[in-house]
Amino acid sequence: MEALLAAIITGLLLGMVYGLAAVGLNLIFGVLKIINLSHGAFIALGMFGAYYLFQYFGLIPFVSVIPVFVVILIIGILLYFIAIRRVMGRQELSTLLITYSISLIIVGLGTFFFTTNPRSIDIPWESIRIFSVYIPATRIVALFLAIICTFLLYLFLYKTWIGKAVRAVSMNRVAAEYMGVNSHVILATSFGIGIGIAAIAGVVIASIFPFTILSGGVYELKSFVICVLGGLGNPFGAIAGGLILGLVESVLSLKIPVGIVPFIEFILLVLMLLVKPEGIFGRR
Amino acid sequence: MRRILTLFLVLFLAFAIGVSYAKDSIIVGFTMSKTGKLNAESDEQFKGLKIWEKYVNTQGGIYVKSLGKKLPVKFVYYDDESSKERVQQLYARLILNDKADFLISPYSSELTATAAIVAEQHKKIMLAIGSASDSIFNKGYRHIFQLYTPASRYLTGAIDMLKALNPRASKVAIVYEQTNFATDVCKAARDYALSKGLKVVLFEGYAPGTTDFTSFINKIKSLQPDAVIGGGHFADGQTLAKQLYEQRVKVDVVSLLVAPSVPEFAQIGKAALYVTAPSQWENGVKYNEKAAKKLNIPWYGPSVAWFVKEYKAIDRSGKEPGYHAAAGLAAGLVLQRAIETAGTLDANAVKAALEKMDVMTFYGRVKFDTGRFYGRQIGHEMVYLQWQLKGGKLEKLLVWPPEAKEANLISYKKNF
């Protein structure tokens, strides 16, 4: 019983972080209608941002989310105008190729500069007891950070003018333009925010687990599963999908070998695609 | 005219042969991983070899009785890029182009397994360092000699430690990285635990590169074992130790491969405390002439203190030498001893000397299997270190076996 409780708590904590990693991917898909294959690379960049801010300025990851987000947001907006804009509205293959090449460039340069030796950020915080389960304090802070980021994204999308414009463009780009929305600015901002959130997820993950420049790939793959589970295009569906995935991983592995769990996750993905392809919270 | 020409030709050939046979050095060939994932360990091993080169050449070389003189040692080596394919090409090159007299293996079981095939094909003696695999030695090779204690005896001491610490202990959990080496070691440890009447409640592998052990730890906590053993390499072992501590896994013994024996393990702070690890060698081991006498075997080569001093002169970072470097020097000493005993550079004679060898050096006892697992190490024993607090600082101290210990073994439970 105690083990099950531990599995549920750790599963929910991890699920929230998975969810946050997937939110950005889903936002970009929802608004720009492109599948961003450089998502994992930006998660990894977030990890290294947190690492170096911790190493050189002593900033703990929960503070460094702000500078990391701002920098990646700007990079995202620039990338949109330099690269993504050229392939908007073209076939899927063009958008896949361009985001994949961005990923290759980042990972290639990252391997050269950072090597693939594992890094970790060690914050000497003690564990906190919840019922009878000991949870590292960093994970609990990570949970709150993920909740705060999601809440801020909600406020942005539903309470600000730009957020409403983002939703308008995502629903009908042409109609939004007729209403005076500069769609390229909105698309660029959305892309920037999408990868910015990916980088925040990277910062949060780096505060819990060791990482290399290649670590983003794992979370990118999970993000795809999560997006399909939660509903493609709906950022908040991603949080639900993340929580489901975290719980499934954690509870199932109590009884079956951990190595088999990803297999079950992908079966879940296939089943979801067959039965309810729009996902739990997706729009048809 | 023709006679004179023939005479010239004969004289010329005789001269040429004479030149090529006038040996002025012993060529020792090997590859090291200057680049790639094995770089760090391979570099340490190389430092050990450099120390041997200095040790032997300042004495004027190795005395070869059949030549009536001392021959200096000359290294020929290449960068294998941590890749099996490169090892295969380069060992052939070392033998055929560079005419190496003897070979030393690259670092890691995987690369050594490849180099062993080439060495065996050309009947060249190769001393295998940095490789603890047993499987290299069940293939019938007759020229490969291992310096490390093999995987089959690598973690068995952890079970003995558990029994010594808590005679009523009954359950062990084994969690290991899914690589050849860790799997071999952990299977052997499992069999040993079962033979000692312990129950192995968990025996499960994790993929290389795993960073989240929460699922394993949830499982371990529900099974309540007395010891957690396993691990694989540095990064995963360090993370596993950290997460075991964070989630307060109360067991008597935590013993992990590789990671805790690396000084950087202390980066995880308190989580490192009371974690134990097997090691091939540690500074502080009590191998000396007296110990050799006790076992009634000869002592050979420099002392532990000399090695540590020389290592610090080369390394300059101030860190203590580890077993990778120690094995490098040990391989050189074993080869030197075998050549001196054989009195010739002839491979068969040196091989015979290695077969008969039973000697103690600063690295410990060295003796080779001559039976079914020809060339496998049977003399050398693992030592166990534990991270303890000494004067408020984390330090790794030798705690096992009892005859070599610097400090008493402490239960991991003391953390909580």
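Residues numbered from 1 in each chain as written. Chains lettered and ligands numbered in written order. Predicted model: local features only at pLDDT ≥ 70, side-chain atom pairs only at ≥ 80, totals over all residues.

Comments concerning the overall build of chain B
1) Next: From N to C terminus, chain B includes twelve helices and 16 strands.
2) Next: For chain B, the C-alpha radius of gyration of 23 Å lies close to 22 Å, the compact-globule estimate for 416 residues.
3) Next: A principal-axis box enclosing the C-alpha atoms of chain B has dimensions of 95 × 40 × 40 Å.
4) Next: Counting all 416 residues of chain B, 50% fall into the buried class.
5) Next: Counting only contacts in chain B whose residues sit at least 6 apart along the sequence, the fraction spanning at least 24 positions is 67%. (Helix = DSSP H or I, 4+ residues; strand = E, 2+ residues; numbered from the N terminus. Rg over C-alpha atoms; globule rule 2.2 N^0.38 Å. Buried ≥ 20, exposed ≤ 12 C-beta atoms within 10 Å, placed from the backbone. Contact = placed C-beta atoms within 7 Å.)

Side note on the overall build of chain A
1) Next: Tallying secondary structure elements over chain A gives eleven helices and two strands in all.
2) Next: The linear arrangement of helices and strands in chain A, starting from the amino end, is α-α-α-α-β-β-α-α-α-α-α-α-α.
3) Next: For chain A, whose C-alpha radius of gyration is 19 Å, the value lies close to the compact-globule estimate of 19 Å for 284 residues.
4) Next: Here the C-alpha coordinates of chain A stretch approximately 60 × 50 × 35 Å along the principal axes.

Notes on unusual backbone geometry
All names here are of chain B.
1) Next: Cis peptide bonds are those with omega within 30 degrees of zero, and the linkage from Trp-400 to Pro-401 qualifies with 0 degrees.
2) Next: Its identity is not glycine, yet Ser-108 carries a phi of approximately 95 degrees, on the positive side.
3) Next: The residue Ser-108 is located in the loop between strand S5 (102–104) and helix H4 (109–121) in this model.
4) Next: Residue classification places Ser-108 among the buried residues on the basis of 24 C-beta atoms within 10 Å.

Observations regarding the environment of Gln-178 of chain B
Residue and element names in this part refer to chain B.
1) Next: As for its position among the elements, Gln-178 is in the loop between strand S8 (171–177) and helix H6 (180–195).
2) Next: Sequence separation between Gln-178 and Thr-211 is 33 residues, and the spatial gap between their C-alpha atoms is 14 Å.
3) Next: When sequence neighbours within four positions are dropped, the list of residues in contact with Gln-178 reads Thr-183, Gly-205, Tyr-206, Ala-207 and Pro-208.

Some remarks on the sheet that holds strand S6 (residues 126–128) of chain B
Residue and element names in this part refer to chain B.
1) Next: Strand order in the open sheet made by the five strands is S4-S1-S5-S6-S7, with parallel pairing throughout. Strands with a single pairing partner mark the edges of an open sheet, and in this sheet they are strand S4 (73–79) and strand S7 (144–146). On average, each strand axis in the sheet is inclined to that of its neighbour by 25 degrees, with strand direction left out of account.
2) Next: By the bridge criterion, two bridges tie S5 to S6 in an arrangement that is parallel. Considered in S6, the bridge of Leu-103 is made with Met-126. (Pairing = 2+ DSSP bridges. Axes fitted to C-alpha atoms, helices over the stretch in contact; angles between N-to-C directions.)

Some words on the domain arrangement of chain B
Residues and elements named next belong to chain B.
1) Next: What the domain assignment lists for chain B is domain 1 (23–149 + 285–367) and domain 2 (153–279 + 382–415).
2) Next: Each of domain 1 and domain 2 was reduced to a C-alpha centroid, and the two centroids are 30 Å apart.
3) Next: Across the contact, ten residues belong to domain 1 and twelve residues belong to domain 2.
4) Next: Per-class residue counts for the side of domain 1 that touches domain 2 are three nonpolar, four polar and three charged. (Domains from an automatic or database assignment. Nonpolar A, V, L, I, M, F, W, Y, C, P; charged D, E, K, R; others polar.)

Re the pairing of strand S11 (residues 253–256) of chain B
Residues and elements named next belong to chain B.
1) Next: Burial along S11 is two-sided: the face carrying Val-253 and Ser-255 and the face carrying Val-254 and Leu-256 are both buried.
2) Next: Direction of pairing for strand S10 (residues 227–231) relative to S11: parallel, over a ladder of four bridges. Bridging across to S11, Ala-227 finds its partner in Val-253.
3) Next: Sheet topology note: the S11/strand S12 (residues 275–279) ladder contains two bridges and is parallel. Residue pairing for S12: Ser-255 is matched across the bridge by Thr-276.

Comments concerning helix H3 (residues 84–96) of chain B
Given 3.6 residues per helical turn, the α-helix brings residues three or four places apart onto the same face.
All names here are of chain B.
1) Next: A rise of 1.5 Å per residue sets the reference length of H3, with its 13 residues, at 18 Å; its end C-alpha atoms lie 18 Å apart and thus fit the reference within 8%.
2) Next: Within the span of H3, buried status applies to Arg-86, Val-87, Leu-90, Tyr-91 and Leu-94. Looking straight down H3, one finds its buried side chains confined to an arc of 120 degrees; they lie on one side. Along H3, the residues that are exposed and aim more than 90 degrees away from the buried face are Glu-85 and Leu-96.
3) Next: Here the buried face of H3 lies against strand S1 (26–32), S4, S5 and H4. (Expected span 1.5 Å × (residues − 1). Arc of directions from axis to C-beta.)

Some thoughts on the interface of chain A and chain B
1) Next: On the chain B side, the residues contacting the 21 residues of chain A number 21 residues.
2) Next: Every element with two or more residues in the side of chain A that touches chain B is listed here: helix H1 (2–32), strand S2 (133–136) and helix H10 (235–255) of chain A.
3) Next: Top contributing element to the side of chain A that touches chain B by residue count: H1 of chain A, with five residues.

As for the nonpolar core
1) Next: The biggest cluster of nonpolar side chains holds 127 residues, and the ones touching the most others in it are Leu-103, Met-126, Leu-127, Leu-147, Val-228 and Ala-241 of chain B.
2) Next: The element contributing the most residues to this core is helix H11 (residues 323–342) of chain B, with 13 residues.
3) Next: Split by domain, this core shows at least three residues from each of two domains, domain 1 (23–149 + 285–367) and domain 2 (153–279 + 382–415) of chain B.
4) Next: Setting aside its immediate chain neighbours within four residues, Ala-241 of chain B contacts Val-254, Leu-256, Ala-259, Ile-268, Ala-271, Ala-272 and Val-275 of chain B.
5) Next: Counting residues in each nonpolar core, the second largest holds 87 residues, with Leu-13, Phe-54, Ile-195 and Phe-211 of chain A among its members. (Core = buried A, V, L, I, M, F, W, Y, C linked by C-beta atoms within 7 Å.)

A look at the sheet that holds S12 of chain B
Residue and element names in this part refer to chain B.
1) Next: Ordered in space as S9-S8-S10-S11-S12-S15-S16, the seven strands form an open sheet in which the pairing is mixed. Only two strands of the sheet have a single neighbouring strand rather than two, namely strand S9 (199–206) and strand S16 (393–400). The mean inter-strand angle of the sheet, taken between neighbouring strand axes irrespective of direction, is 25 degrees.
2) Next: Bridge analysis of S8 against S10 gives five bridges, and the strand direction is parallel.

So, the pairing of S1 of chain B
Residues and elements named next belong to chain B.
1) Next: Along S1, six of the seven residues are buried, which leaves the element largely enclosed by surrounding structure.
2) Next: Examined bridge by bridge, S1 and S4 share seven bridges and lie parallel to one another. Note on S4: the bridge partner recorded for Val-28 is Phe-75.
3) Next: In this structure, S1 lies alongside S5, joined through two bridges in parallel fashion. The residue of S5 that forms the bridge with Val-28 is Phe-102.

Notes on the packing of H10 of chain A against helix H7 (residues 214–223) of chain B
Helix-helix packing is characterised by the crossing angle of the two axes and by the distance between the axes.
1) Next: Running from N to C, H10 of chain A and H7 of chain B cross one another at 45 degrees; their axes reach a closest spacing of 9 Å. Judged on the interaxial angle alone, H7 of chain B and H10 of chain A are oblique. Pair H10 of chain A / H7 of chain B crosses with right-handed handedness. On the side of H10 of chain A, the interface is formed by Glu-249, Ser-250, Ser-253 and Leu-254 of chain A, while H7 of chain B contributes Thr-214, Ser-215, Asn-218, Lys-219 and Ser-222 of chain B.
2) Next: Split by residue class, the contact of H10 of chain A with H7 of chain B holds one nonpolar, six polar and two charged. (Parallel < 35°, antiparallel > 145°, perpendicular 65-115°, else oblique. Left-handed = near helix turned anticlockwise from the far one by under 90°.)

Looking at the environment of Tyr-192 of chain B
Residue and element names in this part refer to chain B.
1) Next: Counting through the fold element by element, Tyr-192 comes out in helix H6.
2) Next: Distance in space between the C-alpha atoms of Tyr-192 and Ile-159 is 7.7 Å, their sequence separation being 33 residues.
3) Next: Apart from the residues lying within four places of it in its own chain, the contact partners of Tyr-192 are Thr-156 and Ile-159.

A word on the confidence of the model for chain B
Regions with low pLDDT carry predicted coordinates that are not meant to be interpreted in detail.
1) Next: For chain B, the mean per-residue pLDDT works out to 91, and 95% of the residues sit at or above 70.
2) Next: Scored by ipTM, the complex comes to 0.83, with pTM at 0.78. (pLDDT = per-residue confidence, 0-100.)

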